[in-house]
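Listed below, chain by chain, are the residues.
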Amino acid sequence: MGLPFGLSVFAVGVAALAVITLAAGVKIVPQGYVYTVERFGRYARSLDAGLGLITPFVERIGRRVNVMEQVIDVPSQQAFTRDNAGVTIDAVVFYQVLDAARASYEVSNLDLAATTLTMTNIRTVVGAMDLDQLLAHRDEINERLLRVMDAAASPWGVKINRIEIKDIVLPADLAGAMARQMKAEREKRASILEAEGQRAAEILRAEGRKQSAILEAEGRREAAFRDAEARERSAEAEAAATGMVSRAIAEGDIAAANFLVAEKYVEAVRAIATAPNQRVVVVPIEAAALAGTLGGIGELTRTVFGDGPSAPRRTGTPPNVAPPRT
């Protein structure tokens, strides 16, 4: 016996309501997300990734929060350094939500809040640095921004992992001035290096000249010493020869005196004849006397070296030799 029609419709309605209620109470949370559960509009708990259950008609899903690391591209903005240089800066922020509830209910728009906070702190940090320091110490800028931003975002349940300055754009006139300054600095260093090289070369050349002069002076001193020694030996020999002649004259040997005079005479004539600036020699001496003198020298030589006896001559008178035919 079947159920009345009204009872059947009620049973079907109750079954459908049970299925809908069960479906409304089952929630599947994807990996990397956390859902917040609100009970009568107030935060109750959070659902992690996987299968979650809520009380239908009493609880509902409030916010779907991405807990993966995210990046915000901060728009370009102009800032002024401590020395009043205007620059345009681009930056990126990497952050991660650690507390879904606080990120959902402590700040209304997390991305906008993080972007605005980053732009404000970039202006603050840039304004406390000179332009040269700003261009040379990007790591210091990133560190200071990270420290400030992490402290500011902590109440929101957000962890700021990194802040990177992508680019620092200078005005065209300022960039040109810096390029000229860099060129002048490089030219200055090149001039200094060139001057130092020239100075080193001059020092080396001066040292070389000094050593050469020292060696030349030592050579001259050695040569002078040798020359003086030679003159000393020559003077000693001359003195010895003169002493011997003097002793011979004192003993009455006039031939030795004649020999010495004849030798000096011949040396003088030879020096005149061999002078480099003389081509014609005019000797104001009689040919007969010159020939007689030469003949006397020859006879004296024979006498001294024992070539044979000769007839005695008068003292001081050169032998009379007939002049040669011309």
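Residues numbered from 1 in each chain as written. Predicted model: local features only at pLDDT ≥ 70, side-chain atom pairs only at ≥ 80, totals over all residues. Heavy atoms only, no water.

1. Digging into the overall build of the protein chain
Regarding its fold elements, the protein chain presents eight helices and eight strands. When each of the 326 residues of the protein chain is scored for burial, the buried share is 23%. Accessible area of the protein chain: about 22400 Å², with a carbon and sulfur share of 59%. (Helix = DSSP H or I, 4+ residues; strand = E, 2+ residues; numbered from the N terminus. Buried < 20%, exposed > 50% of the residue type's maximum accessible area, 1.4 Å probe, protein only. Areas by Shrake-Rupley, 256 points an atom, 1.4 Å probe, with all protein chains shown as cover.)

2. Details of the nonpolar core
If you look at the biggest cluster of nonpolar residues, it comprises 35 residues, and the most contacted ones within it are Val158, Ile160 and Ile165. With seven residues, helix H3 (residues 110-127) is the single largest residue contributor to this core. Those residues in contact with Val158 that lie beyond four places of it in its chain are Tyr95, Gln96, Val97, Leu110, Asp150 and Ala153. The next biggest cluster of nonpolar side chains, apart from the first, holds six residues, and it includes Val29, Tyr35, Val37 and Ile61. (Core = buried A, V, L, I, M, F, W, Y, C linked by side-chain atoms within 4.5 Å. Contact = heavy atoms within 4.5 Å.)

3. A look at the sheet that holds strand S6 (residues 70-80)
Strand order in the open sheet formed by three strands is S6-S7-S8, with antiparallel pairing between adjacent strands. With one partner strand each, in any of the chains shown, S6 and strand S8 (158-169) form the two edges of the open sheet. For this sheet the average axis-to-axis angle between neighbouring strands, irrespective of direction, equals 25 degrees. With nine bridges connecting them, S6 and strand S7 (residues 86-97) associate as antiparallel partners. Looking across to S7, one finds that Gln70 is bridged to Tyr95. Strands in contact with H3 are S6, S7 and S8; relative to S6, the strand with the most contacts, it is inclined by about 35 degrees. (Pairing = 2+ DSSP bridges. Axes fitted to C-alpha atoms, helices over the stretch in contact; angles between N-to-C directions.)

4. Digging into the pattern of salt bridges
The tally for this structure, following the rule as stated, stands at 15 salt bridges. The partner of Glu59 in a salt bridge is Arg45, and the shortest N-O contact between them spans 2.9 Å. Highlighted residues: Glu59 in strand S5 (residues 59-66) and Arg45 in strand S3 (residues 42-47), separated in sequence by 14 residues. We classify Glu59 as buried; its relative accessible area is 6%. (Salt bridge = Lys/Arg side-chain N within 4 Å of Asp/Glu carboxyl O.)

5. Quick notes on the side chain of Thr118
Looking at where Thr118 falls in the secondary structure, it is placed in helix H3. At 2.7 Å, the side chain of Thr118 and the backbone oxygen of Ala114 are in polar contact. Ignoring any residue separated from it by four or fewer positions in sequence, one finds Thr118 in contact with Val74, Gln77, Val93 and Met149. (Polar contact = N/O pair within 3.5 Å; in protein donor to acceptor, adjacent residues only side chain to side chain.)

6. Describing the side chain of Thr115
Turning to its location among the elements, Thr115 is positioned in helix H3. In this structure Thr115 touches Ile72 and Pro75, once residues within four positions along its chain are discounted.

7. A word on unusual backbone geometry
For Phe40, which is not glycine, the phi torsion reads 55 degrees and is therefore positive. If you trace the backbone, Phe40 turns up in the loop between strand S2 (33-39) and S3. Phi is positive for Phe57, close to 65 degrees, though the residue is something other than glycine. Among the structural elements, Phe57 can be located in the loop between strand S4 (50-53) and S5. Since its relative accessible area comes to 66%, Phe57 is described here as exposed.

8. Some words on the sheet that holds S3
Pairing in this open sheet of three strands is antiparallel, and the strands run S3-S2-S5 from one edge to the other. Single-partner strands in this sheet number two, and they are S3 and S5. Neighbour to neighbour, the strand axes of the sheet diverge by 30 degrees on average, direction disregarded.

Function cannot be read off these values alone, since they describe shape.
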